[in-house]
Structures are given as structure tokens and as C-alpha cells.
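So the chains spell out like this:
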Amino acid sequence: MINLLRKNLIDLPINYSLNYYWCSGSLISAFMVSQIITGIILSFLYVSDYTTSFFTVMNFSNDSFVTWCIRYWHMLGVNLLFILVFIHMGRALYYSSYSSKGVWNIGFILYLLIMGEAFTGYILPWHQMSYWAATVITSIVSSLPLVGEVLYKYIVGGFSVTGDTLIRIFSVHVCLGFIILGLMFIHLFYLHKSGTNTPLFSFTSFSDLVYFHSYYSVKDFMCLCLLCFIAVFWLFISPDLLVDIEAYLEADILNTPVSIKPEWYFLMFYAILRCINSKIGGLSLILAFLFFLWIPTNNYSSCYFISRQLVFWSIVSIFFSLIYLGGCHPEYPYLVICQVFSILIVSLMFVFKLFWSSDYII
């Protein structure tokens, strides 16, 4: 066991040319462990009952400073975790890490599971926005042909989102955390087996290798301390910066919010769903984007080609534009722009993953 830890954390040979973007993986691992620890503590206090869950969560903030810190650190940690995940995946796309199929496949599954974990956790407080977000998102399942209605009843536990749904969501939320933790070790195993890529594409050179400890472990620890400082500053200066005002209102099935929207890390997909008149059409577009994002291809070109740079940064720009548009009121011209950007981001992702996947690059 000691030899295994030493081989993977101390004497691991790493290329000297890696920059600070490669610290995002260790930061994600650290914050995921933090999320699991705070989540376990909160699960001891949480009651998954639709009549009392909202007041139970509110009491976390009102009764004790310690539970307030734990709850808001858990909420804030989700936002920081997704920021790190987007940086991590952006760096992987930029430097063609998807060519390492084992690492990329497990990483993509982790991304989907983290989204599922975040969505189920968002429903648990049972406030206005969480209830109606759950109603809107789960209704997409019922629109699936053939199995939609049956699958919807199994997910929500009835004909609509009720207290039975809350119990099921709580169970899924707890179990997913440990599944994600296990897959993170598998992701790390494949990474150390195949080796990481480098910004200089020096894969076969052994002249500039250094050991992970202490050259990179110190860098990772410094980045972790800096991120924790930012998190603490955020926690005590503006803890409600990204919290919707509807999060302080108990769920009311008879009162629909004026504008239903999920958290910011889901706004891109929400914008695509909302701008397409057909639920199946919007879901198909999202699945197409996720498929082109996932599909691992062999890239033999440099990431510094001008054409490749233009496509990549266009995808990034449209991604952030859709996040902004997803938070806007569903009206003209936002819906039209969303439709154009939704088709464009899927097309550009297709071009980015497949156009440079041959040996002959123009």
C-alpha cells in the first residue's frame, strides 16, 4: 500500500513543462472530498419530508453558526467545483486530452454524475425554485417516446413531483457522492497509466522529467490555499451572491415563479431546452452536443493552429453567451439568439473534435 501511494503521489515522473492549468485536477479532488464531508454532516441533520425539509434547511442557517458555515460552504463548494470542472475540461479540450480514451471516458462520466449530483442537491431544500426546477426538468422525461410516461412515474414516484420524489432524490444524492469518489480513483489510475499530455507536446522526451513531489505537490498545495482563501472570503463577504431570492421561499405548488431558472452551471443546457419549441428537439440538441463533446478522437495536430484556436475560442464564447441568455427572460430577441447559438455550438464542437483527427493537416 505504501509503495502504491509512493509510486502515484511521490515518485511519479511528470513532465517539467506543465503549467498551473494542470493543478485543476487536484483542486477538484480536494473540493470533492470537502463536499462529501460537509454533505455527510448535513445528511445527519436533514429530514427528507416535504412538510419540514425547507424549515430544517433554514434552521441550519438560523440556529447555529457552525451549521451555517457547513451549509454555505457546501453551497459555495458546488459553484467553485463547477468552475474548476469547466477549467479542467476546457484545458483538456484545448490540449487534446481526449486522445487518451480511458482517462477521457471516465472523466466525461464523472462530469455527467457531478451534474446529476448538483441537480439532486439543488432540489433537497424544497424551496420555490428547486421545486419548480425539478418539475420542469423531470417533465422532459415524460416527453420521451414509448417509455417516457412509465419512466417519469418511476423517477418522481407518482404523477407529479411530490414528497415521494424528495425521498428518492435524497437517496440518489447520497449514493452518487460515493460513486463519484470511486470513479475519481479510477480516473487517476488511467491518468497515471497513460501519462498526462503537455503544452509543448513533448510526450517521448525523458530529459525534462521531475518527480511529482515536491515540485508539483507544492504548486498544488499553493493553489489549494489560494482557492480556500477565495472561498472563505466569498463565504463571509457575500455568501448569497449566486443564490436566487426564491431560495428563501417555501415550495408552493399553486404559485409558479415569474422566471424559472436553474443554477448558473445548468443555464447553458436550460437555454437550449427553452429556445426549442419541441422538448424532444431541445433534448436531442443537448444530446448531440454531449456526444460530440465526449467522442474521443486521435488528434495529431498542434493546438496552436490559428484555425483550431478560432474554433475553440468561438465555442468558449458561445458557451458563456448561452449561460447569460439562459438567465434572461424567455422573450424576443433572446430566444432567437439562443436558437442560433445552440445550433452553432453543436456544429463547432463537431468540427473541433473531428476536423483535426487525421494525420494530414492543412
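Residues numbered from 1 in each chain as written. Predicted model: local features only at pLDDT ≥ 70, side-chain atom pairs only at ≥ 80, totals over all residues. Heavy atoms only, no water.

Naming follows an unreviewed UniProt entry, where the protein appears as Cytochrome b of Paruterina candelabraria. Word for word, the UniProt comment on the protein under Sequence similarities (unreviewed entry) is "Belongs to the cytochrome b family." (UniProt positions renumbered as here; feature names shortened; annotations may be inferred.)

Trainee: How would you sum up the domain arrangement of the protein? Please name residues and give values.
Mentor: In terms of domains, the protein is made up of domain 1 (21-256) and domain 2 (261-361). Between domain 1 and domain 2, the contact holds 33 residues from the first and 29 residues from the second. Carbon and sulfur atoms make up 69% of the surface buried where domain 1 meets domain 2, a total of about 3000 Å² over both sides. Linking domain 1 with domain 2 are zero salt bridges. Counting across the domain 1 and domain 2 interface gives eight residue pairs in polar contact (both at pLDDT 80 or more). Every element with two or more residues in the side of domain 1 that touches domain 2 is listed here: helix 4 (65-94), helix 5 (101-123) and helix 6 (128-142). (Domains from an automatic or database assignment. Contact = heavy atoms within 4.5 Å. Buried area = accessible area lost by both parts, 1.4 Å probe. Salt bridge = Lys/Arg side-chain N within 4 Å of Asp/Glu carboxyl O. Polar contact = N/O pair within 3.5 Å; in protein donor to acceptor, adjacent residues only side chain to side chain. Helix = DSSP H or I, 4+ residues; strand = E, 2+ residues; numbered from the N terminus.)

Trainee: I'd like to hear about the packing of aromatic side chains, residue by residue, with values.
Mentor: For the coordinates displayed, the defined rule picks out 32 aromatic pairs. Pairing Tyr94 with Phe312 gives two aromatic rings, centres 5.1 Å apart and planes at 70°, and the pair type is edge-to-face. Here Tyr94, found in helix 4, pairs with Phe312, found in helix 12 (residues 306-326); they are 218 residues apart in sequence, far enough to count as distant. We note that Tyr94, like Phe312, is buried. Clustering of aromatic rings is evident, with ring pairs tying together Trp22, Tyr94, Tyr95, Tyr98, Trp104, Phe312, Trp313 and Phe352. If you follow Arg71 out to its NZ or CZ, it ends over the ring of Tyr72, 5.3 Å from the centre. (Phe/Tyr/Trp six-rings, centres within 6.5 Å; stacked < 30°, edge-to-face > 60°. Buried < 20%, exposed > 50% of the residue type's maximum accessible area, 1.4 Å probe, protein only. Lys NZ or Arg CZ within 6 Å of the ring centre and 35° of its normal.)

Trainee: I'd like to hear about the packing of helix 12 against helix 13 (residues 334-354), residue by residue, with values.
Mentor: Where helix 12 meets helix 13, the axes come as close as 9 Å, and the angle between the chain directions of the two elements is 150°. Considering the relative orientation of helix 12 and helix 13, their crossing is left-handed. Every residue of helix 13 that contacts helix 12 at Arg308, Val311, Phe312, Ser314, Ile315, Ile318, Phe319, Ser321, Leu322 and Leu325 is listed here: Tyr334, Ile337, Cys338, Phe341, Ser342, Leu344, Ile345, Leu348, Met349, Val351 and Phe352. For the contact of helix 12 with helix 13, the residue count by class is 17 nonpolar, three polar and one charged. (Axes fitted to C-alpha atoms, helices over the stretch in contact; angles between N-to-C directions. Left-handed = near helix turned anticlockwise from the far one by under 90°. Nonpolar A, V, L, I, M, F, W, Y, C, P; charged D, E, K, R; others polar.)

Trainee: Which residues make up helix 8 (residues 163-194), and what values do they have?
Mentor: The terminal C-alpha atoms of helix 8 lie 46 Å apart, and with 32 residues this matches the ideal 46 Å at 1.5 Å per residue to within 8%. For helix 8, the set of buried residues is Gly163, Thr165, Leu166, Ile169, Phe170, His173, Leu176, Gly177, Ile180, Leu183, Met184 and His187. Where helix 8 is buried, its residues contact helix 2 (24-45), helix 3 (53-63), helix 4, helix 5 and helix 7 (148-156). Count one or two residues on from helix 8 and you reach Gly195, which has phi positive near 85°. (Expected span 1.5 Å × (residues − 1).)

Trainee: An account of empty space enclosed by the protein is requested, with residue identities and associated values reported.
Mentor: Under the definition given, this model contains one cavity of 30 Å³ or more. The volume enclosed by the largest cavity comes to roughly 30 Å³. The wall of the largest cavity is formed by Ala133, Val136, Ile137, Ile260, Lys261, Pro262 and Tyr270. Here the lining of the largest cavity takes three residues from helix 6, the largest share from any one element. Its residues assigned to classes, the lining of the largest cavity comprises six nonpolar, no polar and one charged. When residues of the lining of the largest cavity are assigned to domains, at least three fall in each of domain 1 (21-256) and domain 2 (261-361). (1 Å grid on protein atoms, 1.4 Å probe; cavity = no way out; pocket = protein on both sides within 12 Å on 5 of 7 lines; lining within 4 Å. Points joined across faces, edges and corners; volume = space filled by probe spheres on them.)

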